[in-house]
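Analysis of the macromolecular model
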Amino acid sequence: MPTQSKNIIVFGGGFCPPTLAHEAILHQCMQLNGYDEVWLVPSGDRTDKTMSLPHADRLALLKIVCDTFASHTRPLRLIQDELLRTVPTETYDTYKAFIARHPTIKFWFVFGTDSYATIRQWYNGDYLAEHLPVLLIERAAKVPSPSKHVRFLRPLPAPLCHISSTQVREALTQSRPYTHLVSPEVATYLELHHLFKP
């Protein structure tokens, strides 16, 4: 009898730092029916973006996030593949590496529709647009039609949908309030390690 294929959600990003919006998306992913695991994948440096925190701090912050889901029955795994790369992170390379190592698994990548709208401009973007299974969160962009490889998460509630890591970094740099943008545990780590402080 053939092995039944698993469905795994891949939630990647800079997470510099992880916000309440990231945690709300992760909560949805952990609750979705029909998926077996969720992989949290911090990205390495990209051609369009250099990460603003050392790997050790990024991993420590994401382990804090993972701890909040520790009692969930669905596995949540922190995957460091992209951090270990010596070349810029590309979604195509990550996808191909995952399916090469796990040929019976179907990987579903999480993106906002604003990011996904530019997918054909990414490395091997035409291939990704036609083949990459995605779970999309509606943001300020044209929303593609659902298909066999395009599915949707629920839109985030209004207070969360505009939160970004950039906002947190700017607030810390300018000594403005930011604790409404991250969890108390993440805020504690940011304060203890004086991250992004002027």
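Cut-offs and rules
- Residues numbered from 1 in each chain as written.
- Predicted model: local features only at pLDDT ≥ 70, side-chain atom pairs only at ≥ 80, totals over all residues.
- Heavy atoms only, no water.
- Phe/Tyr/Trp six-rings, centres within 6.5 Å; stacked < 30°, edge-to-face > 60°.
- Helix = DSSP H or I, 4+ residues; strand = E, 2+ residues; numbered from the N terminus.
- Buried < 20%, exposed > 50% of the residue type's maximum accessible area, 1.4 Å probe, protein only.
- Pairing = 2+ DSSP bridges.
- Right-handed = clockwise from strand over helix to strand, strands pointing away.
- Contact = heavy atoms within 4.5 Å.

Details of the packing of aromatic side chains
- The full count for this structure, using the stated rule, is 11 aromatic pairs.
- Consider the rings of Y92 and Y127, whose centres lie 5.6 Å apart with planes at 85°: the pair is edge-to-face. Taken as a pair, Y92 in helix 3 (residues 91-101) and Y127 in helix 5 (residues 125-131) lie far apart in primary sequence, 35 residues in all.
- In this structure Y92 comes out as buried when scored by relative accessible area, which is 18%.
- By relative accessible area, Y127 is classed as partly exposed at 27%.
- With a centroid separation of 5.9 Å and an interplanar angle of 90°, the aromatic rings of Y95 and F109 are classed as edge-to-face. Taken together, the positions of Y95 in helix 3 and F109 in strand 4 (residues 105-112) put the pair 14 residues apart, joining distant regions of the chain. Each of the two residues, Y95 as well as F109, counts as buried.
- Pairwise contacts between aromatic rings join W39, Y95, F98, F107, F109, F111 and W122 into one cluster.

Here we look at the pairing of strand 1 (residues 6-13)
- The element strand 1 is largely enclosed, with a buried count of 6 among its 8 residues.
- As defined by bridge partners, strand 1 adjoins strand 4 across 5 bridges and the pair is classed as parallel. Counted as the bridge partner of K6 is I105 from strand 4.
- Handedness of the β-α-β unit built from strand 1, helix 1 (residues 20-31) and strand 2 (residues 37-42) comes out right-handed.

Details of the environment of E23
- Its place among the elements puts E23 in helix 1.
- Along the backbone, E23 and L84 are 61 residues apart, and their C-alpha atoms lie at a distance of 24 Å.
- Contact partners of E23, with chain neighbours within four places excluded, come to V65, T68, F69, S183 and V186.

Observations regarding the pairing of strand 5 (residues 134-137)
- Alternating positions in strand 5 separate into two faces, V134 and L136 on one and L135 and I137 on the other, with burial throughout.
- In terms of strand pairing, strand 4 meets strand 5 through 4 bridges, oriented parallel. Looking at the pairing, F111 lines up with L136 of strand 5.
- Both strand 5 and strand 6 (residues 150-152) contribute to a ladder of 3 bridges, which runs parallel. Each residue of the ladder has a partner; that of L136, found in strand 6, is F152.

As for unusual backbone geometry
- Of note, the amide linkage connecting C16 to P17 takes the cis form, showing an omega dihedral of 0°.
- Relative to the helices and strands, P17 resides in the loop between strand 1 and helix 1.
- Of note in this structure, S175 is not a glycine but carries a positive phi near 55°.
- Considering the arrangement of structural elements, one finds S175 in the loop between helix 7 (165-173) and helix 8 (184-192).

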